[in-house]
Amino acid sequence: MRTSLAFWSILRKDMKNYYLKPPNISWGIIFPISWTLMFFMRSATPVDLRDILPGVMALSVLFGTTSMLAVTITFERRSRSFERLLLAPISLNMLMLAKTTGAIVFGIVNAFIPVIFAFFLTDLSGINWFFTIIGVFLIAVTSTFLGLFIAVSANEVFEAQTFSNFFRFPMMFLCGLFMPMEKLPVFVRPFSYILPLTYGVDILKFSITNTGNFKIWISLIVLLGYSVSLFLVSMYNIRKKWIY
Amino acid sequence: MYIINVKDLSKSFGDFKAVKEISFSVKKGEIFGFLGPNGAGKTTTINMLTGLALPTSGAITIAGLDGIKNIKKVQQIIGIVPDESNLYDEMSGYDNLVFCASLYGMEKARREKRALELLKQFSLDDTGNRPFKTYSKGMKRKLTIAAGIIHDPEILFLDEPTTGIDVESARQIRKLIKELNAKGTTIFLTTHYIEDAERLCHRIGFIVSGKVVKISSVYDLMNEAQQENIMEFTIDQNGEDLESALLHQFPHVAIKQLSPYSIKISSVEKIELMPFMRFFEEQGAIVSEAKILRPSLEEVFVKITGIEINRLKEEKEGKKR
Ligand SMILES: Nc1ncnc2c1ncn2[C@@H]1O[C@H](COP(=O)(O)OP(=O)(O)OP(=O)(O)O)[C@@H](O)[C@H]1O
Ligand SMILES: [Mg+2]
């Protein structure tokens with residue numbers, strides 16, 4: 001009871017202070033539009049919007065969540081207000097879940113903005129919405145916890161941002177969006193297989209365009225595994241680093 | 001009777017021992033002060049007591065609970081005011097307080113009422129709607145204290161509550177601390193300022209280079225400071241003429257003529273003011289001023305720590321600059 005009250009307060013505060021601030025809202029809209037335009041311009045032949053939807057959605061989530069955690073966690077650490085949370089009578093697990101839930105929700109909302117655009121521009125019938133939602137949710141959770149892992153390792157906001165790019169860009173190029181996986185050079189393919197985004201994109205490809213390389217349950221398990229491990233490793237690091 | 005018990009508490013950062021096997025106890029209802037120079041380990045000790053740092057070894061008991069294993073329970077009954085504010089810059093004073101209250105599970109109506117109450121009590125009601133970042137240093141410190149006591153903690157930890165703010169704000173804060181204590185809150189504070197320790201604390205622990213070198217009540221410290229009791233009288237006639245009569249009546253005192261009309265009387269034994277007043281009256285001298293010189297805690301501090309106060313202050317100010 002007491003914990004849930006604190007949980008909602010932390011979530012509400014983050015929403016109000018960070019997520020619902022104009023720069024973040026507009027960012028959530030501009031980002032997917034730019035991606036979509038980029039895809040259009042890149043290809044010589046007209047593309048089906050629906051084919052690029054999984055990629056745009058996945059990247060919106062990835063960039064949205066990881067950027068936000070650099071602010072909600074690293075920034076609060078710098079300004080010491082994070083200490084106030086550590087000093088509150090809430091378990092560390094609960095506290096970190098409260099801090100990350102905002103980013104997960106933000107990521108999910110970001111993912112569906114391109115879907116709203118696509119709805120007016122193309123035919124979306126036949127999409128498996130169930131798996132689309134599950135896929136988006138898992139991508140949001142995994143990238144949020146990846147962001148958490150990064151935020152815990154960084155001491156400055158810019159460090160967290162730089163460090164995120166170290167993960168984000170390879171994932172972007174290797175997840176099978178720009179180039180189908182089987183066309184990637186053989187020596188980079190293993191990297192592709194260890195990156196969580198690859199599996200997230202694959203779920204969306206399966207549910208939206210009915211393509212996809214892996215069996216869906218494999219992707220689900222891999223993403224779940226990633227989420228749990230990233231969270232646990234981050235918690236371990238927090239206990240070691242922040243409760244020094 | 002003891003609400004905080006600390007036994008052989010140590011904290012190392014790598015090879016460096018910041019806190020070295022300190023032991024002390026804080027009585028329920030008292031104001032206990034940790035007095036020590038920069039880098040003595042005051043903040044590190046508070047961090048261990050409040051759950052922000054994990055001791056390398058030793059035991060902490062707070063209100064009967066294990067302060068290491070049960071820290072989340074302990075945190076429910078303690079309030080913490082850090083040396084630098086840790087509130088949210090963008091949020092208003094009021095919102096900050098309400099948010100802090102919710103961390104302790106206070107219901108909406110109760111936390112809003114309490115936040116307004118505290119803003120009023122701390123004379124911040126006019127500025128409650130302004131963002132915290134627009135507050136002055138003194139206002140920030142006050143709001144940070146308000147946030148620390150929003151849930152009516154049994155024990156309040158204050159890390160250097162009066163450092164870096166002006167005289168008037170410091171005075172207000174000392175008053176608030178005393179009022180809180182009068183209502184039953186046990187207070188643990190750290191300070192550099194001897195004057196603060198003296199004015200506020202019931203008992204003082206001296207910490208130097210990670211070691212508690214002495215724990216004593218202010219009263220005992222005073223007595224120890226100067227084994228001598230000193231009084232000064234200003235009278236309307238030349239004191240030299242009275243010297244022999246004085247010595248005759250009070251054989252155990254030492255007399256020193258500070259100026260023709262001012263006499264200093266000292267004794268290793270306890271002396272009272274009244275007998276001397278009566279003596280002067282009998283001698284037909286009118287006393288225009290009589291004072292008991294209080295021994296200064298500063299001297300005790302120097303004696304105990306071997307550190308000159310001025311150096312201490314300079315160091316501190318240099319650091320804050
Ligand atoms: N996280 C840390 N890592 C390494 N050393 C530390 C850490 N925190 C504190 N120290 C060291 O431990 C010693 C005690 O520091 P602490 O902050 O407890 O002193 P303090 O008594 O509060 O001093 P001040 O009056 O300056 O606030 C110092 O030498 C400090 O450099
Ligand atoms: Mg300190």
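It should be emphasised that the depicted structure is a prediction, and the values quoted were computed from it without experimental measurement.

### Some points on the pairing of strand β2 (residues 16–27) of chain B
Residue and element names in this part refer to chain B.
Right, so step 1: Where strand β1 (residues 2–13) meets β2, 8 bridges bridge the pair, whose relative direction is antiparallel. What sits directly across from Ile4, in β2, is Val26.
Right, so step 2: Linking β1 to β2, which pair antiparallel, is a turn of 2 residues; within it Gly14 sits at a positive phi near 65 degrees.

### Topic: the interface of chain A and chain B
Right, so step 1: Taken residue by residue, the interface counts 26 residues in chain A and 32 residues in chain B.
Right, so step 2: When the buried area of chain A at its contact with chain B is split by residue, Arg84(A), Leu87(A) and Tyr244(A) rank highest and sum to 32% of it.
Right, so step 3: Asp83(B) is the partner of Arg80(A) in a salt bridge, and the nearest nitrogen-oxygen pair spans 3.4 Å.
Right, so step 4: Linking chain A to chain B there are 8 residue pairs in polar contact (both at pLDDT 80 or more).
Right, so step 5: Among the secondary structure elements, those contributing two or more residues to the side of chain A that touches chain B are α1 (2–19) and α4 (81–86) of chain A.
Right, so step 6: Residues belonging to the side of chain A that touches chain B are distributed by class as follows: 13 nonpolar, 5 polar and 8 charged.

### With respect to the packing of helix α9 (residues 196–209) of chain A against helix α10 (residues 216–241) of chain A
Residue and element names in this part refer to chain A.
Right, so step 1: At a closest axis distance of 9 Å, the pairing of α9 and α10 adopts a crossing angle of 140 degrees. Of the possible angle classes, the one that applies to α9 and α10 is oblique. The two elements α9 and α10 meet at a crossing, and its hand is left-handed. The residues of α10 that touch α9, namely those facing Pro196, Tyr199, Gly200, Asp202, Ile203 and Phe206, are Ile216, Ser219, Leu220, Val222, Leu223 and Tyr226.

### Some details on the nonpolar core
Right, so step 1: Ranked by internal contacts, the top residues of the largest apolar core, which has 110 residues, are Leu59(A), Met96(A), Leu197(A), Ile4(B), Phe24(B), Phe157(B) and Phe188(B).
Right, so step 2: Those residues in contact with Leu197(A) that sit more than four places away from it in its chain are Ala58(A), Leu59(A), Leu62(A), Ile139(A), Met171(A) and Cys175(A).
Right, so step 3: Counting residues in hydrophobic clusters, the runner-up holds 44 residues, among them Leu35(B), Tyr135(B), Leu156(B) and Phe206(B).

### Re the side chain of Ser10(B)
All names here are of chain B.
Right, so step 1: Along the chain, Ser10 turns up in strand β1.
Right, so step 2: Accessibility expressed as a relative area gives 3% for Ser10, which makes it buried.
Right, so step 3: From its side chain, Ser10 meets the backbone nitrogen of Glu21 in a polar contact 2.9 Å long.
Right, so step 4: Excluding its chain neighbours within four sequence positions, the residues that come into contact with Ser10 are Val19, Lys20, Glu21, Met48, Pro55, Thr56 and Ser57.

### Focus on a nonpolar patch on the surface
Residues and elements named next belong to chain A.
Right, so step 1: Together, Ile29, Ile33, Leu37, Met41, Ile116, Phe117, Phe119, Phe120 and Leu121 make up a nonpolar patch on the protein surface, roughly 980 Å² of accessible area in all.
Right, so step 2: A total of 5 residues in the nonpolar patch trace back to one element, the largest contributor, which is helix α5 (residues 92–121).
Right, so step 3: Checked against the element boundaries, Leu121 lands in helix α5.
Right, so step 4: Looking at Leu121, the relative accessible area reads 64%, which means it is exposed.

### Digging into unusual backbone geometry
Right, so step 1: Here Asn210(A), not a glycine, exhibits a phi torsion of approximately 55 degrees, which is positive.
Right, so step 2: By the element assignment, Asn210(A) lies in the loop between α9 and α10.
Right, so step 3: Positive phi is not limited to glycine here, since Asp152(B) has a value of about 50 degrees.
Right, so step 4: Looking at the element boundaries, Asp152(B) is found in the loop between α5 (137–148) and β7 (155–159).

### Brief notes about the sheet that holds β1(B)
Residues and elements named next belong to chain B.
Right, so step 1: The strand order β2-β1-β4-β5 describes an open sheet built from 4 strands, whose pairing is antiparallel. Looking at strand neighbours, the two that pair on one side only are β2 and β5 (65–66), the edges of this open sheet.
Right, so step 2: Examined bridge by bridge, β1 and strand β4 (residues 57–62) share 5 bridges and lie antiparallel to one another. Each bridged residue has a counterpart across the sheet, and for Asn5 the counterpart in β4 is Thr61.

### Some points on the sheet that holds strand β11 (residues 229–235) of chain B
All names here are of chain B.
Right, so step 1: Across the sheet, which stays open at both edges, the 4 strands sit in the order β12-β13-β11-β14 with antiparallel pairing between neighbours. Bordering the open sheet on either side are β12 (254–259) and β14 (287–293), each of which pairs with just one other strand. Sheet twist, expressed as the mean angle between neighbouring strand axes with direction ignored, is 20 degrees.
Right, so step 2: Where β12 lies against strand β13 (residues 262–267), 5 bridges are found, and the strand directions are antiparallel. If you follow Lys256 over to β13, its bridge partner there is Lys264.
Right, so step 3: Strand contacts of helix α10 (residues 273–282): β11, β13 and β14, with the helix running at about 25 degrees to β11, the strand carrying the most contacts.

### Here's the deal with the domain arrangement of chain B
Right, so step 1: As assigned here, chain B comprises domain 1 (2–223) and domain 2 (227–293).
Right, so step 2: When each unit is reduced to the centre of its C-alpha atoms, the spacing between domain 1 of chain B and domain 2 of chain B is 45 Å.

### With respect to helix α6 (residues 167–182) of chain B
Residue and element names in this part refer to chain B.
Right, so step 1: For α6, spanning 16 residues, the distance from its first C-alpha to its last is 22 Å, which sits close to the expected 22 Å at 1.5 Å a residue.
Right, so step 2: Every buried residue of α6 is listed here: Ser169, Ala170, Ile173, Arg174, Leu176, Ile177, Leu180 and Asn181. In a view along the axis of α6, the buried residues occupy a sector of 160 degrees, so they form one face of it. Pointing more than 90 degrees away from the buried face of α6 are the exposed residues Val167 and Ala182.
Right, so step 3: Those residues of α6 hidden inside the fold are in contact with β3 (31–35), α4 (108–121), α5, β7, β8 (186–191) and α7 (194–200).
Right, so step 4: The N-terminus of α6 is capped by Asp166, whose side-chain oxygen sits 3.1 Å from the backbone nitrogen of Glu168.
Right, so step 5: Downstream of α6 by a residue or two, Gly184 has a phi angle that is positive, lying close to 110 degrees.

Rules of the game
- Residues numbered from 1 in each chain as written.
- Chains lettered and ligands numbered in written order.
- Predicted model: local features only at pLDDT ≥ 70, side-chain atom pairs only at ≥ 80, totals over all residues.
- Heavy atoms only, no water.
- Pairing = 2+ DSSP bridges.
- Helix = DSSP H or I, 4+ residues; strand = E, 2+ residues; numbered from the N terminus.
- Contact = heavy atoms within 4.5 Å.
- Buried area = accessible area lost by both parts, 1.4 Å probe.
- Salt bridge = Lys/Arg side-chain N within 4 Å of Asp/Glu carboxyl O.
- Polar contact = N/O pair within 3.5 Å; in protein donor to acceptor, adjacent residues only side chain to side chain.
- Nonpolar A, V, L, I, M, F, W, Y, C, P; charged D, E, K, R; others polar.
- Axes fitted to C-alpha atoms, helices over the stretch in contact; angles between N-to-C directions.
- Parallel < 35°, antiparallel > 145°, perpendicular 65-115°, else oblique.
- Left-handed = near helix turned anticlockwise from the far one by under 90°.
- Core = buried A, V, L, I, M, F, W, Y, C linked by side-chain atoms within 4.5 Å.
- Buried < 20%, exposed > 50% of the residue type's maximum accessible area, 1.4 Å probe, protein only.
- Patch = residues over 30% accessible without salt bridge, like charges linked within 9 Å, V, L, I, M, F, W, Y side chains within 5 Å.
- Areas by Shrake-Rupley, 256 points an atom, 1.4 Å probe, with all protein chains shown as cover.
- Domains from an automatic or database assignment.
- Expected span 1.5 Å × (residues − 1).
- Arc of directions from axis to C-beta.

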